[in-house]
Each structure stands twice: as structure tokens, then as C-alpha cells.
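These are the residues of each chain, in order.
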Amino acid sequence: PVIAPALRLEGLYAGYGRFDVLHDIALHVERGEAVALLGPNGAGKTTLLRAIMGMVKQRRGVIEVAGTDVSRLPTHRIARGLVGIVPEGRRLFLGQSVEDNLRLGGLHLRHDHARTAQLLRSVFDLFPVVERYRARPATALSGGEQQMVAIGRMMMSDPELMLLDEPSLGLAPLAIQSMADALLALRERGRSILLVEQRVDLALQVCDRIYVLSGGRIVEQGAADDIDGRGRALIDAYLG
Ligand code: ATP
């Protein structure tokens, strides 16, 4: 059988009220692929992620996750094992312990103790610092460490597709590199990733392919390896 891609968007129009932010979007993420979505402020990157999560209703087009049409599913169903997200600004429960934050990601699996323990173990294997601080309130952690908790929480939902909205935002250079290493590790584990980024270097380091979104339309796309000096200049021009 043909394996459906982790994500397929076709002819997607979506926005707020009667106003479309996204126009005729075609984009795919194959299984085990890491794909970056680059673009300037206001291009519609967050709106695209919100459309996949069912938080912005699409007016037209296809949204398929691992072969499932999610366009009519409510967000809580999409979040249940289909799509995991690290939202902009992380949105951790800062007063709660690190471990409780992680467990929130796997709520729908809470009756499956073996699977929950296995997922927790895989988060701790990837982020030893998260295991060390598991009993501390999230607020006691640095920004970079909190971002690892947010990635761990996403991993706990065991999703077919992982979405990350500018995970490098506001992090110190060392923490950005740790985050890049974590994304590379997820890719090595065969996870399917759509990464929204403003840092082109990070996107090219971590991802197989990139798309550039500008004014709600895909204006460029290509394999990260094929992007030469001219391609890079073009992307930089789009990002301003
Ligand atoms: P940024 O990097 O600044 O987050 P972005 O590429 O993620 O930019 P979006 O946040 O998706 O862009 O915004 C795209 C457009 O949608 C903008 O013109 C924005 O003003 C508009 N927009 C975003 N959220 C809403 C909303 N809740 N209601 C109406 N319009 C919105």
C-alpha cells in the first residue's frame, strides 16, 4: 500500500471571519521528513499551523494528516495522537511541576500506563535535564529548558505530525543550538516535523526541505541541500 504523507495541504484557503489569510496553499510533509516554513511577520505561518489544528476554519481545500481528513475534526480530536504542537511562547503551566506538564501532553493515553511510561522515558532519554528537574515547577527552569519541556509535552501525545512555532524565539545562542540538536534527534527517530522559523540558518541545518510563505501564499520551495547563495539571498529578501 502507498503510505500517506504525514501532512498534505492542497488548495487551502483559511483565515478569520470572512477574511482569508492563506491563499491556495499546497504543502506536504512526508513520513520522517523535517520541513521548514519560513516567512516574514504576518505572512500567515501561525495561521497555517492553527488551520492544521482545527483552530482556524478553512474555507476551501484539503487538510490530511497521515491519510486522515482532519478538516472537520474538532481540535481535541486532532490533538489526540494526530498532531502535536509546540505553540509560540510555549504555554507551559509554570506553577506545575515539569512532569505534570509532560503528562498533560499524554492525557488521552493516561489509562495506558505502559505507553505513558514508555513515552516519558523517551522524553527523558532525549532531554536528561528534563528528567533531572522533573519534580521542580516549570518556572524554575531557564527558557531553553522550558522549551525542551514543551517539546517533551508534544512528544507525550505520540503524534503522527509535530508542529513547532518558532521554538528558537527569545532563546540564548547556546539554547538555540540545543534546540536544533533536539530537532535533529527527533528527525533521526523518524518523526515528521513542520517547523515555523524566522532563522534561516536553523531551518537549513535541521530540515530536509523549506517553503517560504509571504502574504499568505507559498512563494518559494526547495530542498535544503539545493539552496545555493542565490537561493539564500532570495529567501533573505523575502524575510526582509
Ligand atoms: P508572526 O511571525 O508575526 O507570528 P505569522 O506569519 O505567524 O507572523 P499570522 O500570525 O498567521 O502570521 O498572521 C497572519 C495575518 O493574520 C496577519 O495579518 C494578522 O494580522 C492576521 N491575524 C492573526 N490572528 C488573527 C485573528 N485572531 N483575527 C484576525 N486576524 C488575525
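Residues numbered from 1 in each chain as written. Predicted model: local features only at pLDDT ≥ 70, side-chain atom pairs only at ≥ 80, totals over all residues. Heavy atoms only, no water.

The protein is annotated in an unreviewed UniProt entry as ABC transporter ATP-binding protein of Pseudolysinimonas kribbensis. What UniProt states about the protein under its Sequence similarities (unreviewed entry) heading is, verbatim, "Belongs to the ABC transporter superfamily." (UniProt positions renumbered as here; feature names shortened; annotations may be inferred.)

Regarding the UniProt feature "domain: ABC transporter" (unreviewed entry) in the protein
On the UniProt side, "domain: ABC transporter" (unreviewed entry) is annotated at positions that read residues 7-240 here. Here residues 7-240 is 37% helix and 27% strand, with 28 Å between the C-alpha atoms at its ends. (Helix = DSSP H or I, 4+ residues; strand = E, 2+ residues; numbered from the N terminus.)

Focus on helix 1 (residues 45-52)
Burial analysis of helix 1 places six of its eight residues in the buried class, the great majority of the element. Taken residue by residue, helix 1 has K45, T47, L48, L49, A51 and I52 as its buried positions. Of the residues flanking the end of helix 1, it is G54, one or two places downstream, whose phi is positive at about 75 degrees. (Buried < 20%, exposed > 50% of the residue type's maximum accessible area, 1.4 Å probe, protein only.)

Points about the pairing of strand 8 (residues 193-197)
Most of strand 8 sits inside the fold, with five of its five residues counted as buried. Side chains of strand 8 alternate between two faces, with I193, L195 and E197 and L194 and V196 buried alike. Bridge analysis of strand 3 (residues 34-38) against strand 8 gives five bridges, and the strand direction is parallel. The partner of A36 across the bridge, within strand 8, is L195. Here strand 7 (residues 161-165) runs beside strand 8; their pairing, made up of four bridges, is parallel. Residue pairing in the sheet places D165 in a bridge with V196 of strand 8. Following the chain from strand 7 across helix 7 (residues 173-188) to the adjacent parallel strand 8, one finds a crossover that is right-handed. (Pairing = 2+ DSSP bridges. Right-handed = clockwise from strand over helix to strand, strands pointing away.)

Digging into the packing of aromatic side chains
Counted according to the given criterion, the structure contains zero aromatic pairs. The cationic tip of R60 hangs over the ring face of Y13; the distance from NZ or CZ to the ring centre is 4.6 Å. (Phe/Tyr/Trp six-rings, centres within 6.5 Å; stacked < 30°, edge-to-face > 60°. Lys NZ or Arg CZ within 6 Å of the ring centre and 35° of its normal.)

Some words on the site of the ligand
By nearness alone, 13 residues border the ligand, and G42, G44, K45, T46 and T47 come closest of all. Protein chains shield 58% of the accessible area of the ligand, which is 630 Å² for the free molecule. (Near = heavy atom within 4 Å. Areas by Shrake-Rupley, 256 points an atom, 1.4 Å probe, with all protein chains shown as cover.)

Points about a nonpolar patch on the surface
Residues F93, L104 and L107 make up a contiguous nonpolar surface patch of about 270 Å² in total accessible area. Note that L104 resides in helix 3 (residues 98-105). (Patch = residues over 30% accessible without salt bridge, like charges linked within 9 Å, V, L, I, M, F, W, Y side chains within 5 Å. Salt bridge = Lys/Arg side-chain N within 4 Å of Asp/Glu carboxyl O.)

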